[in-house]
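# Descriptive structure summary
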Amino acid sequence: MPYLSFIYPEALWLVLLLVPFWLLAFATPRRYTTPVRFWLSLGIRTLVVLLLVLSLAGTQLRYRVDNLTTVFLVDGSDSVSPSARASAEAFIRDALREMEEGDQAAIVVFGDNALVERAPSTIAALGQIYSVPTADRTDIQEAVQLGLALIPDDTQKRLVLLSDGGENTGEARTAAQLAASRSIPIDIIDLSSRDSGDEVRVTSLDAPGQVRDGQEIELVAVVESTTEQQGVLRIFADRVVLEERIVDLQPGTNEFRLRVPAEGQGFQRYRARIETLADGRVQNNEAAALVQVQGMPRVLLVEEQAGDARNLQDALRAANIEAEIARPEALPTSLTALSAFDAVVLVNVPVRSLPVKAIAELLAYVRDLGRGLMMVGGTESYGVGGYGGTPVEEMLPVYMDVRNQLDRPNIALVFVIDKSGSMDACHCAGPNRAMDQFAEGGVPKIDIAKEAVVLASDLLTPRDTLGVVTFDTRASWTLPATQGASSADVADAISDVRPEGNTNVRAGLQAAEDMLAGVDANIKHVILLTDGWGEGGSNLDIAARMQEQGMTLSVVAAGSGSATYLENLAQTGGGRFYPATDMAEVPEIFLQETIVAAGNYIVERPFFPAIADESPILSGLDGLPILYGYNGTTLKDTAQSILVADDQSPVLAQWQYGLGRTIAWTSDTKGQWGSDLVTWDEFPRFAAQMVGWMLPSVSQEQIDATVRIEGSQIIIDATVEEREGATAEDLQLSASILGGNGQTGEESTQRNVTLHQVAPGEYRAVIQAPNPGSYLVQLHGQEGGQITVQSTMGMVVPYSSEYRQDQNNPALLAELASITGGSTLREPIEAFARNDLAAVSRAQEIALPLLILALLLLPLDIAVRRLMLRWSDITGIRSTPPSRPAAPIRDDSMMTRIAQARATRRVSRAPHRHHLLPRHALLSHLDRRHRYRLPRLLRRVPWLRRHHHAPRSPKTARWPACVPPKNAPANEHAARSNARCQQPIHAPGWGGCS
């Protein structure tokens, strides 16, 4: 039976408005209405109010629904055997055959993720299942949530879970509670494997966390087997086989101990792999361990130009610090490889030479592993090297530019652009214009140059001056030297430049020299872009003359076939040379060169560095020898400046970044600015104390930590002791888990894991295991905001817990069914049974029809109250009027008689039309009720105008105009109209006034 429900039941309180409505209706006198009319009108009005209230309440008509939607949740993870999966499909196929008409079924296949194989449908057939989820994990929670989302609201609901219960990610109980809150049962089909067959797996490879270089490592490989058989056990160090032996496996757990030498430094990865003839899965046949091999401190020196780091390497070796030199491209790009070094020193290396991935690794290397980073200055370092805005700048204690613009000298910068025919869309090799590369429809080199000039102009300040000189056979000032020129001004000035003509580099340089000669600026710099082939020779004389006048010249060689003398031209002009073999590099080069020139990044003058603050770096040193230059930088707010130049610019600065330490040495160590420094007797001590300050200084023997994997969880245990041997009680201990690529573990909760104290000096954290791979666990403890203990451990997740033999969990399935009121299904027909299912109804909103009905009843209410109908009126309408005889043929005499009759009726109207009151009674009533409005009423009632004298209003009333007789002369009518009518209204021949 249908029943009513309401969307807004609180609106039903408006029904109480009927009480005052009824009281008012009964209190009002009913003089001119009959009881039938009163009760009928009151009933209609009451019904209208009820309909409006029900419409506002959102009235719905609900019908009970017997249709059922069942969603089958099929476990597609690797822990379910193929035979169990086949039985699950057979169960679903048989259940669909038993599905009643009107019922629906949906299928969700899940593993680590959940996929919709079939949306709710009435089709009673099952084809092949094509959905393939990620099978290395089991997430029942996501499957249940997706199944709940698929079920329509207007049907009965059921979830059928076909799984082994081997959940290793997610929280199925949370999803079950959600289903229970919606009264949706979860019925289960247990797919647990009864006979797992032959199975061999390596449970773990146990190894010490830290060893010394040269020691032997004892590795313990734990292998589990279901049968007695032989196998081959191999031990790897990365990809090198260290040992191979034939082992006898017994049913159960088998332990094999092997000893291997510890070689190298840093974290070394060891693997154990078992191979047998009878094995169900190969995914669980390998386990691994990370061992930290400690030796003397190791420092990696990165240099681009050979010899830049040689002096620093010799000084560190003299202080018993092992230092290795590597090219920028050889910088390790994995955190595990970087961890083999205690510190990294960038010696005059531009950022463009470093691998992008290595820069990201350095961030985690310092911040999370607590290692050191140092930058040594030079002509390719700091701001000159393009480190502004990079992660390296974030780690160092200085900014890469001079932040106070008032301290930065103003600059006059002139771009000299070759616009000859060789600057079209070809790369020409040699003076004969032989083309080694030609791109059909390619971008002309001159357009790339114009784009580079516009981009570089954005870096200048309003205090700077910018000019553009273009040349072919002759030179022209395309943009005269302009202070504060915007990029829009520059774009407009160079927009019409087109490649044509020959190349005259000399003319372009002379025009630039003349332009800068008339400009007052502290720094005057010229950037030349050309391929160099043309008139004028090498132009070294102009470059030398410009440098004598305080102008510097940098050269960008456009294309792979540029002239060889351009590098000498840049050296003579005191600038830098950029061989742009690919023209696409020109915008970046222009930006870099403008940054170098505009930022005042290099300061070359002799000065003695002054001590600004105390530091262990200067322990035992009275002062440093004279320096001849440094890179201009700005000290960060929380950094510590140790040595400063004569203008208080930082020369040596230090600070703590995360768990690590960084140092900025803005002078060099190759001898260009520090020629007296590298020959100083105390230089080895100074270099060793700089690098030594960065090395991890906290003894790692204060903390004893272990990491182990149990099922799908990782357990971190740590025991902390103070130096005196007492137990640390008030230590805030946390851990960070970092992957081999420098990123933290996938789960956001693993970024900073807090270890809780479980006993005096003992701490523990339990977290979800990340994906298989190698990880570093960085422990660090703080007391009073200071890091007091830290340790780094290696951790390897060999394979997902999906491949462990104990994945079957029938108890979890039973608990899910108990939470939701489900049960274990025995027969396929039970999947569509309606036992104990929550009643479901389908709602149909009728608020709008009720509103329309209320509007339709309003005219009926008005008709009942206002329309005066008698039974005779109704019977008169129903009676059929008599048929009229055919009209006779009329003649003129008959028409004349009809006209006379109408005229006679116009004079005297029949009084029977007003049957309610006699005529004299009506006139008396009108005189009494409408004394002053009576003349107006008389004009509206023609049959009264002949029998009543209209009174004259004492103030405003006028005698109405007289109605002349039909045959009255026009002049008489006009006279009577202009004068006031003095005759009574019934004067013969005149009608009443109107």
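For every chain, the first residue of the written sequence is number 1, and numbering continues from 1 along that sequence. Given that this is a predicted model, residues contribute local features only at a pLDDT of at least 70 and side-chain atom pairs are listed and counted only at 80 or more, while totals for whole chains, interfaces and linings are drawn from all residues. Each side-chain value is worked out from all heavy atoms of the structure, with water and hydrogens disregarded.

A separate point is the overall build of the protein chain. Working definition: helices are DSSP H or I runs of at least four residues, strands are E runs of at least two. Numbering for both runs from the N terminus. Broken down by element type, the protein chain carries 24 helices and 44 strands. Here's how the labels work: a residue is buried when its accessible area is under 20% of the maximum for its type, exposed when over 50%, partly exposed in between, all with a 1.4 Å probe on protein chains only. Here the protein chain holds 994 residues, and 46% of them are scored as buried. Accessibility throughout is a Shrake-Rupley quantity obtained with a 1.4 Å probe, and a residue counts as covered only by protein chains that appear here. Carbon and sulfur atoms provide 52% of the accessible area of the protein chain, an area that totals close to 49,200 Å².

A pair of Phe, Tyr and Trp rings is counted when the ring centres sit within 6.5 Å of each other, with Trp represented by its six-membered ring. The angle between the planes then sorts it: under 30 degrees is stacked, over 60 is edge-to-face, the rest tilted. Taken as a whole and judged by the stated rule, the model has eight aromatic pairs. Centroid distance Phe38 to Trp39: 5.3 Å. Interplanar angle 75°. Geometry classified as edge-to-face. Looking at Phe38, the relative accessible area reads 11%, which means it is buried. Ring geometry for Phe607 against Tyr630: centres 5.4 Å apart, planes inclined by 80°, an arrangement best described as edge-to-face. Residue Phe607 is found in the loop between strand E29 (602-603) and strand E30 (610-611), and its partner Tyr630 is found in strand E31 (residues 630-631); the two are separated by 23 residues along the sequence. Side by side, Phe607 and Tyr630 carry an identical accessibility label, which is buried. Of the aromatic side chains, those joined through ring pairs into one cluster are Phe26, Phe38 and Trp39.

What follows is about empty space enclosed by the protein. Of the two site types, the cavity is a set of points on a 1 Å grid over the protein atoms alone where a 1.4 Å probe fits but cannot get out, and the pocket is an open set with protein on both sides within 12 Å along at least five of seven lines, each lined by residues with an atom within 4 Å of a point. Grid points are joined across faces, edges and corners, and a volume is the space filled by probe spheres set on the points. For the coordinates displayed, the defined rule picks out four cavities of 30 Å³ or more. Considering only enclosed or pocket space, the largest cavity measures out at about 80 Å³ in volume. What lines the largest cavity is a set of 13 residues, among which Arg137, Ser712, Ala769, Ser800 and Ser801 lie closest to the centre. Counted by class, the lining of the largest cavity contains five nonpolar, six polar and two charged residues. Just so you know the grouping, Ala, Val, Leu, Ile, Met, Phe, Trp, Tyr, Cys and Pro go in nonpolar, Asp, Glu, Lys and Arg go in charged, and all remaining residues, Gly too, go in polar.

Turning next to the sheet that holds strand E9 (residues 210-212). Note: strands within a sheet are paired through backbone hydrogen bonds, in either parallel or antiparallel orientation. A pair of strands is labelled paired if DSSP reports no fewer than 2 bridges between them. Here five strands make up an open sheet; going across it, the order is E9-E15-E14-E11-E12 and the pairing mixed. Strands at the two margins of the open sheet, each flanked by one partner only, are E9 and strand E12 (240-249). Neighbour to neighbour, the strand axes of the sheet diverge by 30° on average, direction disregarded. One ladder, built from three bridges, connects E9 with strand E15 (residues 286-294); its direction is parallel. Within E15, the residue paired with Gln210 across the bridge is Gln292. Only the contacting stretch of a helix is used when fitting its axis, a line to C-alpha atoms as for every element, and angles between N-to-C directions run 0 to 180 degrees.

All right, on to the packing of helix H12 (residues 505-517) against helix H13 (residues 540-548) then. Taken N-terminus to C-terminus, the directions of H12 and H13 make an angle of 15°; their axes are 10 Å apart at the nearest point. The orientation of H12 relative to H13 falls into the category roughly parallel. Both H12 and H13 take part in a crossing whose hand is left-handed. Residues Arg506, Leu509, Gln510 and Glu513 of H12 form the contact with H13, whose participating residues are Asp541, Ile542, Arg545 and Met546. Here the residues of the contact of H12 with H13 are counted per class, giving three nonpolar, one polar and four charged. With respect to orientation, any angle under 35 degrees is reported as roughly parallel, any angle over 145 as roughly antiparallel, any angle of 65 to 115 as roughly perpendicular, and every other angle as oblique. Note on convention: the crossing is left-handed when the near helix lies turned anticlockwise from the far helix by less than a right angle, right-handed when the turn is clockwise. We call two residues in contact when some of their heavy atoms are within 4.5 Å.

A few words on unusual backbone geometry. A positive phi angle is found at Tyr382, which is not glycine, with a value near 50°. Relative to the elements of secondary structure, Tyr382 occurs in the loop between strand E19 (372-376) and helix H9 (391-395). A positive phi angle is found at Gln648, which is not glycine, with a value near 65°. Residue classification places Gln648 among the exposed residues on the basis of a relative accessible area of 58%.

A word on the sheet that holds strand E8 (residues 200-206). Read from one edge to the other, the open sheet built from three strands follows the order E8-E10-E13, with strand pairing classed as antiparallel. Each edge of the open sheet is held by one strand with a lone partner, namely E8 and strand E13 (252-261). Between one strand axis and the next, the sheet turns by 25° as a mean value, whatever way the strands run. As paired elements, strand E10 (residues 216-225) and E13 share 10 bridges and run antiparallel to each other. Across the sheet, residue Val222 finds its bridge partner in E13, namely Glu255.

For a helix, the expected span equals 1.5 Å multiplied by the number of residues minus one. Here helix H8 (residues 356-367) is 12 residues long and its end C-alpha atoms lie 18 Å apart, about the 16 Å a rise of 1.5 Å per residue gives. Those residues of H8 not exposed but buried are Ala358, Ile359, Glu361, Leu362, Leu363, Ala364, Tyr365 and Val366.

The next thing to look at is the nonpolar core. Where a protein is soluble and globular, its nonpolar side chains tend to be buried together. We define the nonpolar core as a collection of buried residues of types Ala, Val, Leu, Ile, Met, Phe, Trp, Tyr and Cys that are connected through side-chain atoms lying within 4.5 Å of one another. Within the largest apolar cluster, 41 residues are counted, with the highest numbers of intra-cluster contacts made by Leu331, Val344, Leu346, Tyr365 and Tyr387. Among the secondary structure elements, those contributing two or more residues to this core are E15, strand E16 (298-303), helix H7 (335-338), strand E18 (343-347), H8, E19, H9 and strand E34 (650-657). For this core, the leading source of residues is H8, giving seven residues. Beyond its immediate sequence surroundings of up to four residues, Val344 is in contact with Leu300, Val302, Leu331, Leu338, Leu362, Tyr365, Gly372, Leu373 and Met374.

Let's shift gears to the pattern of salt bridges. Salt bridges are defined as contacts in which a side-chain nitrogen from Lys or Arg sits within 4 Å of a carboxyl oxygen from Asp or Glu. All chains considered together, the criterion is met by 29 salt bridges. For Glu324, the salt bridge is made with Arg298, and the minimal N-O distance between the two is 2.5 Å. In this pair, Glu324 is assigned in strand E17 (residues 322-326) and Arg298 in strand E16, connecting sequence segments 26 residues apart. Note that Asp717 and Arg708 form a salt bridge whose closest N and O atoms lie 2.6 Å from each other. Assessed through its relative accessible area of 15%, Asp717 is described here as buried. Salt bridges linked by common partners bring Arg234, Glu244, Arg271, Arg273, Glu275 and Glu286 together as one network.

On to the side chain of Thr70. Relative to the helices and strands, Thr70 resides in strand E3 (residues 68-75). Pairs of N or O atoms are called polar contacts if they sit within 3.5 Å, as long as, within protein, a hydrogen donor faces a hydrogen acceptor (for residues adjacent in sequence, only side-chain-to-side-chain pairs). One polar contact links the side chain of Thr70 to the main-chain carbonyl oxygen of Ala831, over a distance of 2.9 Å. Ignoring any residue separated from it by four or fewer positions in sequence, one finds Thr70 in contact with Gln104, Ala105, Ala106, Arg158, Val160, Ala831 and Phe832.

What follows is about the pairing of E12. One ladder, built from nine bridges, connects strand E11 (residues 229-237) with E12; its direction is antiparallel. Bridged to Leu233 within E12 is Arg245. Linkage of E11 to E12, two consecutive antiparallel strands, is achieved through a turn of two residues, within which Asp238 is found at a positive phi near 60°.

On to the environment of Ser818, then. Positionally, Ser818 belongs in helix H18 (residues 810-820). Residues Ser818 and Asp187, spaced 631 residues apart in sequence, show a C-alpha to C-alpha distance of 9.3 Å.

Let us now look at a nonpolar patch on the surface. Taken together, the side chains of Leu52, Leu848, Leu851, Ile852, Leu853, Leu855, Leu856 and Leu858 define a hydrophobic patch exposed on the protein surface, amounting to about 710 Å² of accessible area. It is helix H19 (residues 847-866) that contributes the most residues to the nonpolar patch, seven residues altogether. Along the chain, Ile852 turns up in helix H19. Candidates for patches are residues over 30% relative accessible area with no salt bridge; among them, like charges are joined within 9 Å and nonpolar side chains (Val, Leu, Ile, Met, Phe, Trp, Tyr) within 5 Å.

With respect to the secondary-structure elements, Leu146 resides in helix H4 (residues 140-150). Note on Leu146: relative accessible area 22%, which makes it partly exposed. Setting aside residues up to four positions removed in sequence, Leu146 forms contacts with Val108, Ala114, Leu115 and Val116.

Here the focus is the environment of Thr465. When you line up the elements, Thr465 lands in strand E24 (residues 465-471). What Thr465 contacts, discounting residues up to four positions off in sequence, is Ile411, Ala412, Leu413, Ala481, Thr482, Gln483 and Val519.

Here we come to the packing of helix H1 (residues 18-27) against helix H2 (residues 35-56). At a closest axis distance of 11 Å, the pairing of H1 and H2 adopts a crossing angle of 165°. If you check the angle between H1 and H2, you find them roughly antiparallel. Crossing of H1 over H2 shows right-handed handedness. For the pair H1 and H2, the contacting residues are Leu18, Phe21, Trp22, Ala25 and Phe26 in the first and Phe38, Trp39, Leu42, Arg45, Thr46, Val49 and Leu50 in the second. Classifying every residue of the contact of H1 with H2 by side-chain character gives 10 nonpolar, one polar and one charged.

Okay, the side chain of Asp75 next. Along the chain, Asp75 turns up in strand E3. When charges are tallied, Lys and Arg are placed among the positive residues and Asp and Glu among the negative ones, while His and the ends of the chain are skipped. It turns out Asp75 is buried and unbridged, and the closest side chain with the opposite charge, Arg85, is 6.4 Å from it. Among the polar contacts listed, one links the side chain of Asp75 to the side chain of Ser77, at a separation of 2.7 Å. Ignoring sequence-local partners within four residues, the contact set of Asp75 consists of Val80, Arg85, Phe110, Thr138, Leu162, Ser163 and Asp164.

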